[in-house]
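So you can see what is in the structure, the chains are spelled out below.
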Amino acid sequence: MMPKHFTLSLHVWAPTGWKVVCVLNELGFSYETVYLDLCTGEHKLPQFLKANPNGRFPMLVDHMNDGFIVWESAAIMLYLVDNHDSEKRLAVTSNVDRHLYQWLLFQASPQGVRLRY
Ligand SMILES: N[C@@H](CCC(=O)N[C@@H](CS)C(=O)NCC(=O)O)C(=O)O
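Conventions we followed
Residues numbered from 1 in each chain as written. Predicted model: local features only at pLDDT ≥ 70, side-chain atom pairs only at ≥ 80, totals over all residues. Heavy atoms only, no water. UniProt positions renumbered as here; feature names shortened; annotations may be inferred. Helix = DSSP H or I, 4+ residues; strand = E, 2+ residues; numbered from the N terminus. Rg over C-alpha atoms; globule rule 2.2 N^0.38 Å. Buried < 20%, exposed > 50% of the residue type's maximum accessible area, 1.4 Å probe, protein only. Contact = heavy atoms within 4.5 Å. Areas by Shrake-Rupley, 256 points an atom, 1.4 Å probe, with all protein chains shown as cover. Lys, Arg positive; Asp, Glu negative; His and termini not counted. Charge placed at Lys NZ, Arg CZ, Asp CG, Glu CD. Pairing = 2+ DSSP bridges. Expected span 1.5 Å × (residues − 1). Axes fitted to C-alpha atoms, helices over the stretch in contact; angles between N-to-C directions. Parallel < 35°, antiparallel > 145°, perpendicular 65-115°, else oblique. Nonpolar A, V, L, I, M, F, W, Y, C, P; charged D, E, K, R; others polar.

Under an unreviewed UniProt entry, the chain has the name GST N-terminal domain-containing protein and belongs to Antrodiella citrinella. For the chain, the Sequence similarities (unreviewed entry) comment in UniProt is given as "Belongs to the GST superfamily."

Pasting the structure below:
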């Protein structure tokens, strides 16, 4: 079996990971999904915090870039477009399109779900 391009850690019903799934699908990459269990708090364990000191998800591992790790959903989407959108399917290519950044950042912080148990 061919190795996947990315590994994406997310929660099955938290919205932030699914935004990244949309970008991965749009760009046509293969990815493994790792569904974290909030109840056991595995996203707060030392091995997860070592990779992602924010202790939240989504988190992306790029196997095409030496296992480079990115977390925070908007940052992940920008990373994918900046590094892996060679056909400019989602890239911002004009000043008019730059308004997309304001909506990206508007959406990222206030609407990120903080799930507490
Ligand atoms: N602004 C962050 C929000 C990340 C976030 O809050 N993720 C939630 C799941 S959607 C989480 O990890 N919650 C667990 C916690 O806060 O302990 C992003 O967009 O990635």
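What follows covers the overall build of the chain. Helix and strand counts for the chain stand at 4 helices and 4 strands. On C-alpha atoms alone, the chain measures out to a radius of gyration of 15 Å, which is about the 13 Å that the 2.2 N^0.38 rule sets for 117 residues. With the principal axes as the frame, the chain shows a C-alpha extent of 45 × 40 × 25 Å. Split into buried and exposed, the 117 residues of the chain put 38% on the buried side. Across the chain, contacts joining residues at least 24 apart in sequence account for 55% of those joining residues at least 6 apart. Accessible surface for the chain amounts to roughly 7400 Å². Of this, 57% is attributable to carbon and sulfur atoms. Positive and negative side-chain charges of the chain, numbering 10 and 11 respectively, have mean locations separated by a distance of 7 Å.

UniProt tags residues 4–88 as "domain: GST N-terminal" (unreviewed entry). For residues 4–88, the end-to-end C-alpha separation is 22 Å, with 36% helix and 21% strand making up the annotated structure.

Examined bridge by bridge, strand S3 (residues 59–62) and strand S4 (residues 68–71) share 4 bridges and lie antiparallel to one another. Residue pairing for S4: methionine 59 is matched across the bridge by tryptophan 71. Between the antiparallel neighbours S3 and S4 lie 5 residues, among them aspartate 66 with a positive phi of about 60°.

Side chains that are three or four residues apart share a direction in an α-helix, a result of its 3.6 residues per turn. Over its 12 residues, helix H3 (residues 73–84) extends 16 Å from the first C-alpha to the last, a length consistent with the 16 Å expected when each residue adds 1.5 Å. Where H3 is concerned, the buried positions are Ser73, Ala74, Ile76, Met77, Tyr79, Leu80, Val81 and His84. Looking at the buried residues of H3, the elements they touch are strand S1 (6–10), helix H1 (15–27), S3, S4 and helix H4 (99–108).

Moving on to the sheet that holds strand S2 (residues 31–35). Strands sit in the order S2-S1-S3-S4 across an open sheet of 4 strands; the sheet is mixed. With one partner strand each, in any of the chains shown, S2 and S4 form the two edges of the open sheet. Ignoring which end each strand starts from, the neighbouring axes of this sheet average 20° apart. By the bridge criterion, 5 bridges tie S1 to S2 in an arrangement that is parallel. Paired with leucine 8 across the bridge in S2 is threonine 33. Sheet strands in contact with H1 are S1, S2 and S3, and its direction is about 155° off that of S1. Taken strand by strand, H3 contacts S1, S3 and S4, and its axis lies near 135° from that of S4.

Where H1 contacts H3, the two axes come as close as 9 Å, and the packing angle between them is 10°. The pairing of H1 with H3 is recorded here as roughly parallel in orientation. Residues Thr16, Lys19, Val20, Val23, Leu24 and Leu27 of H1 lie in contact with H3, whose contacting residues are Ser73, Ile76, Met77, Leu80 and His84. In the contact of H1 with H3, the residues fall into 7 nonpolar, 3 polar and 1 charged.

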